[in-house]
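Observations on chain architecture
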Amino acid sequence: MLPFSNFTESFEVLPLDMERDYEDIDGLFELEEWPFIRADLEVSHGQPRATAMVARSPEQLLGFFATHHFGNIGYLDMMIVDPKARVSRIAIKLYMGVTRQMKRKGINGWVAHSTNDSYRMFKLMRYTQGQSFTLFARDPQSAESTLVELESLRLGSADHDQLVALDRDVFGLARVDWVNSLLEQPSARFYGRKIAGKLVASVCVRQRRGNAVCLDAVNGRSMQDLAPLLETAVDGLAGQRLECFAKTGSALHDYLLEKQFFVPTFFKEIGPLVEWRKGNTGDIGLSENVLSLSWF
């Protein structure tokens, strides 16, 4: 077999093809210890102006870069380049190829989240540093999950408009296509708390690697509205590993610590995820009620 360095001398940047590329992308997720699965990439890739590209040599996939959008803001989901290929120009070619296409689609602002190893890149590209998010996890606490009470709070297509409205009030922008994609995704489930028929809190439980689930899109107009729903969700899912990207220093951050969540070892070395912005992003995603990261 040829040395890896020879593979990087001749490579193409191509649109991501899920059937062709996902097995290799999954290998990169596992190598970097990210808990994501195919469904996460499918939700991102399913957005109307999403753009994702891969770098491939004739022999193998060398890296990928996936993005989607909320309104005219491009969210730079994730880039991973095989460690053996990082001395090449693969990362910059992926970045330039993807952002060029996104601009053609009307994107005029950018939001990214960096680990320690990509921190310098965003500073060099004159992004502005902002809030940060920390990954928390909790190992199974009992032999089985007790889902009866939680399932009584299950939301579905009939709750679509209220889910979109609550998410808009928290995030600052109606993310209709994003909510639709999650409602249609078999590995994602929405739960909510209603008062007099009005949705006041919601959480999306998304499957992750190793039979774990992630508490995602943790939305409420106050922690007081959210706390009873979170209590039911955490108790109902006690038989599984739970994960959550919480805004650092937020009420959700404190709640998870109280519930014996911890920061995984791999994330201590690379986190927290620092948010970077550039261009016309306004105050989207910056509300004090944004408690969790909904980015992938």
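Residues numbered from 1 in each chain as written. Predicted model: local features only at pLDDT ≥ 70, side-chain atom pairs only at ≥ 80, totals over all residues. Heavy atoms only, no water.

Concerning the environment of Arg241
Relative to the elements of secondary structure, Arg241 occurs in the loop between α9 (223-236) and β11 (242-247). Aside from chain neighbours lying at most four places away, what touches Arg241 is Ala137, Arg138, Asp139, Pro140, Asn211, Ala212, Val213, Phe262 and Pro264. A polar contact of 2.8 Å, which involves the side chain of Arg241, links it to the side chain of Asp139. At 3.0 Å, the side chain of Arg241 forms a polar contact with the side chain of Glu243. (Helix = DSSP H or I, 4+ residues; strand = E, 2+ residues; numbered from the N terminus. Contact = heavy atoms within 4.5 Å. Polar contact = N/O pair within 3.5 Å; in protein donor to acceptor, adjacent residues only side chain to side chain.)

What to know about the packing of helix α2 (residues 18-32) against helix α3 (residues 38-45)
It is at 11 Å that the axes of α2 and α3 come closest, and there the two elements cross at 135 degrees. The orientation of α2 with respect to α3, classified from their angle, is oblique. Classified by chirality, the crossing of α3 by α2 is right-handed. Facing α2, whose interface residues are Met18, Glu19, Tyr22 and Ile25, α3 presents Arg38, Leu41, Glu42 and His45. (Axes fitted to C-alpha atoms, helices over the stretch in contact; angles between N-to-C directions. Parallel < 35°, antiparallel > 145°, perpendicular 65-115°, else oblique. Left-handed = near helix turned anticlockwise from the far one by under 90°.)

What to know about the pattern of salt bridges
A complete count under the given rule lists 21 salt bridges for this structure. With a closest N to O distance of 2.6 Å, Lys259 and Glu231 form a salt bridge. On the criterion of sequence distance, the pair formed by Lys259 in the loop between α10 (251-258) and α11 (265-270) and Glu231 in helix α9 is long-range, its members being 28 residues apart. Residue Glu231 is classed as partly exposed on the basis of its relative accessible area of 30%. When salt bridges with common partners are traced through the structure, they connect Arg20, Asp21, Asp24 and Arg56 into a single cluster. (Salt bridge = Lys/Arg side-chain N within 4 Å of Asp/Glu carboxyl O. Buried < 20%, exposed > 50% of the residue type's maximum accessible area, 1.4 Å probe, protein only.)

A word on the confidence of the model for the protein chain
Residues of the protein chain with pLDDT of at least 70 account for 96%, and the chain-wide mean is 93. Below a pLDDT of 50 lies the segment residues 1-5, which in the model reaches 8 contacts outside its immediate sequence neighbourhood of four places, other chains included. (pLDDT = per-residue confidence, 0-100.)

A few points about the packing of α9 against α10
Pairs of packed helices are described in terms of their axes, by the angle between the two and the distance that separates them. One can describe the packing of α9 onto α10 by two numbers: an axis separation of 12 Å at closest approach and a directional angle of 35 degrees. As for the relative orientation of α9 and α10, their crossing is right-handed in sense. Residues Met223, Ala227, Leu230, Glu231 and Val234 of α9 pack against Ala251, Leu252 and Tyr255 of α10. Across the contact of α9 with α10, the residue classes tally to 7 nonpolar, no polar and 1 charged. (Nonpolar A, V, L, I, M, F, W, Y, C, P; charged D, E, K, R; others polar.)

With respect to the pairing of strand β6 (residues 128-138)
Of all 11 residues making up β6, 8 are buried, and the element is well covered by its neighbours. When β6 meets strand β12 (residues 273-279), the two strands line up antiparallel, connected through 4 bridges. Within the sheet, the bridge partner assigned to Thr128 lies in β12 and is Arg277. Sheet topology places β6 next to β11; 6 bridges connect them, and they run antiparallel. (Pairing = 2+ DSSP bridges.)

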